[in-house]
Amino acid sequence: MGIINKFINELIIYDYILFGSLLILFIIFVLVGVIFRRKTLLAIFIILFAFITLFAGSIFGYIAMHQYLFKNETTIISQKKLSFTNALVVYGTVKNGSERDFKSCKITASAYKVSSNEIKNYLLKLKPIIKMSIIENDILKAQEREVKFIIEPFTYIGDYNVSIGANCK
């Protein structure tokens, strides 16, 4: 229940516009489906399409809108595995590429195994060896902020890659 409350509290006006317009579209499609109730197959298709539009539009619309509104760029400056301790140090930057100031950014660094198989590489990115997140507050428009991660304990011996990403609001 706490996750739902947090999600609702973090909604912005554009989210309400998106969800409201999808709800209106859903109601219109259901009404059209009811109008065509004599043509059963068409009515079922329209009502099924209404539900798909409601759920898929909510999920993918929310994701796409937030990627556009809160666009950011992350780059890795350097990374080094320390020899005297089981730690990995990663330096990177986060740049605000949107037209809005960010109140907070959750920046995550992940280390994952590497394989010669492309499909396996994709799957290995989904389950990193280790990951760490930090929160940076108040990043203004076009501002670039340097971040440092000390990921420990990092005991992996084989080949690995490091990536960083940011989720800003």
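Everything here concerns the structure above.
One structure accompanies this document, and this report is about it.

## Regarding the packing of helix α2 (residues 13–35) against helix α3 (residues 40–69)
Line of reasoning, step 1. It is the contact of α2 with α3, at a shortest axis distance of 8 Å, that shows an interaxial angle of 170°. When the axes of α2 and α3 are compared, the pair comes out roughly antiparallel.
Line of reasoning, step 2. Per-class residue counts for the contact of α2 with α3 are 20 nonpolar, 6 polar and 1 charged.

## Section: a nonpolar patch on the surface
Line of reasoning, step 1. On the surface, Ile4, Phe7, Ile8, Ile13, Tyr14, Tyr16 and Ile17 cluster together to form a nonpolar patch covering roughly 690 Å² of accessible area.
Line of reasoning, step 2. At 4 residues, the largest contribution of residues to the nonpolar patch is made by α2.
Line of reasoning, step 3. On the accessibility criterion, Phe7 (36% relative accessible area) is partly exposed.

## Description of the packing of aromatic side chains
The way to describe two aromatic rings as a pair is by their centre distance and the angle between their planes.
Line of reasoning, step 1. Across all of its chains, the model carries 7 aromatic pairs by this definition.
Line of reasoning, step 2. For the ring pair Phe7 and Tyr62, a centre distance of 5.3 Å and an interplane angle of 55° mean the geometry is tilted. Within this pair, whereas Phe7 is found in helix α1 (residues 2–9), its partner Tyr62 is found in helix α3, the two being separated by 55 residues in sequence.
Line of reasoning, step 3. With relative accessibility at 17%, the residue Tyr62 sits in the buried group.
Line of reasoning, step 4. For the pair Phe26 and Phe51, a centre-to-centre distance of 5.0 Å together with 70° between the ring planes defines the contact as edge-to-face. Of this pair, Phe26 sits in helix α2 while Phe51 sits in helix α3, placing them 25 residues apart in sequence.
Line of reasoning, step 5. Classification of Phe26 by relative accessible area gives buried; the value is 15%.
Line of reasoning, step 6. In this structure Phe51 comes out as partly exposed when scored by relative accessible area, which is 38%.

## Some points on unusual backbone geometry
Line of reasoning, step 1. Glu152 connects to Pro153 through a cis peptide bond whose omega is -5°.
Line of reasoning, step 2. Considering the arrangement of structural elements, one finds Pro153 in the loop between β5 (144–151) and β6 (160–168).
Line of reasoning, step 3. Despite not being glycine, Asp138 has its phi angle at roughly 55°, a positive value.
Line of reasoning, step 4. Position of Asp138 relative to the elements: it lies in strand β4 (residues 130–139).
Line of reasoning, step 5. By relative accessible area, Asp138 is classed as exposed at 52%.
Line of reasoning, step 6. In this structure, Ala142 is a non-glycine residue whose phi angle is positive, near 60°.
Line of reasoning, step 7. Following the sequence through the fold, Ala142 ends up in the loop between β4 and β5.

Rules used throughout
Residues numbered from 1 in each chain as written. Predicted model: local features only at pLDDT ≥ 70, side-chain atom pairs only at ≥ 80, totals over all residues. Heavy atoms only, no water. Axes fitted to C-alpha atoms, helices over the stretch in contact; angles between N-to-C directions. Helix = DSSP H or I, 4+ residues; strand = E, 2+ residues; numbered from the N terminus. Parallel < 35°, antiparallel > 145°, perpendicular 65-115°, else oblique. Nonpolar A, V, L, I, M, F, W, Y, C, P; charged D, E, K, R; others polar. Patch = residues over 30% accessible without salt bridge, like charges linked within 9 Å, V, L, I, M, F, W, Y side chains within 5 Å. Areas by Shrake-Rupley, 256 points an atom, 1.4 Å probe, with all protein chains shown as cover. Salt bridge = Lys/Arg side-chain N within 4 Å of Asp/Glu carboxyl O. Buried < 20%, exposed > 50% of the residue type's maximum accessible area, 1.4 Å probe, protein only. Phe/Tyr/Trp six-rings, centres within 6.5 Å; stacked < 30°, edge-to-face > 60°.

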